[in-house]
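Residues per chain, in single letters:
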Amino acid sequence: GLLNPKIMEDRQSSQSNKGEVTICIDHPDKLLEMGDSLDIAKCASLKADKTNCTNIVNKSQCEFCTYHVKKAYTASSASRPGLQSTFSGLSSEATRNRIMAKVAPRSKGEVFGGGKLL
């Protein structure tokens, strides 16, 4: 908890923080620790320089920080180019016929959508 924090002046140059309040304390005794959490931990991953990551995580949800989760996801998805391909193996006419059979099975193969007659 914060005991008797001072409200700081607004910066006139920053419009993006409009409506936000900035507070500060002027002595370390004005910061009160209210308890401990069993689920608080540091990220279990290593940084690029082989030191431990210092980001705080909720270990009941995940043992890695969001940065390292996103980094692992990007590396994993980049190594699987077969899943990123848009080629289905069928010609565009075969794909169109398959979709049209599902969308309008009783029509003559013509559907109006997106401003065009398909």
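Each value, and the rule that gives it
- Throughout this description, residue numbers start from 1 for each chain and increase along the sequence as written.
- Only residues with pLDDT of at least 70 get local features here, since the model is predicted, and only at 80 or more are side-chain atom pairs given and counted; chain-wide, interface and lining totals rely on the full set of residues.
- No hydrogens and no water enter the side-chain calculation; it runs on all heavy atoms of the structure.
- The term salt bridge refers to a pairing of a side-chain nitrogen on Lys or Arg with a carboxyl oxygen on Asp or Glu at a separation within 4 Å.
- Values of pLDDT, which run from 0 to 100, indicate the predictor's confidence residue by residue.
- Strands here are runs of E lasting at least two residues and helices are runs of H or I lasting at least four, both read from the DSSP assignment and numbered beginning at the N terminus.
- The criterion for a disulfide is a pair of cysteine sulfur atoms lying within 2.5 Å.
- Like charges within 9 Å and nonpolar side chains (Val, Leu, Ile, Met, Phe, Trp, Tyr) within 5 Å are joined into patches, using only residues over 30% in relative accessible area that form no salt bridge.
- All accessible areas in this document rest on Shrake-Rupley with a 1.4 Å probe, and a residue is counted as covered only by the protein chains that are shown.
- In this description, contact between two residues means that some pair of their heavy atoms is separated by no more than 4.5 Å.

> How should I be thinking about the pattern of salt bridges in this particular structure?
Should their charged atoms come close, side chains of opposite charge can pair. Tallied over the entire structure, the rule returns one salt bridge. Salt-bridge contacts for Asp26 lead to Lys30; the nearest nitrogen and oxygen are separated by 3.1 Å.

> I'm lost on the confidence of the model for the protein chain in this one. Help?
Detailed conclusions should not be drawn from predicted coordinates in areas where pLDDT is low. Summing up the model confidence of the protein chain, the mean pLDDT is 77 and the portion of residues at 70 or higher is 64%. Within the protein chain, strand β3 (residues 40-42) carries the highest mean pLDDT (90), whereas strand β5 (residues 112-113) carries the lowest (59).

> Help me out: how do you make sense of the state of the cysteines in this one?
Each disulfide consists of a covalent bond between the sulfur atoms of two cysteine residues. Tallying each qualifying case throughout the model produces zero disulfides. Here Cys43 stays unpaired: no disulfide links it, and the sulfur of Cys65, its closest cysteine neighbor, is 3.7 Å away.

> It is not clear to me how a nonpolar patch on the surface should be interpreted in this structure. Could you clarify?
Together, Leu2, Ile7, Val21, Ile23, Ile25 and Leu31 give the surface a local cluster of nonpolar side chains, amounting to about 560 Å² of exposed area. Residue position: Ile23 is located in strand β2 (residues 23-24).

> How do you make sense of the environment of Met8 when you look at a structure like this?
As for its placement among the helices and strands, Met8 is situated in the loop between β1 (6-7) and β2. Between the alpha carbons of Met8 and Thr22 there is a distance of 5.6 Å; along the sequence they are 14 residues apart. Those residues in contact with Met8 that sit more than four places away from it in its chain are Thr22 and Cys24.

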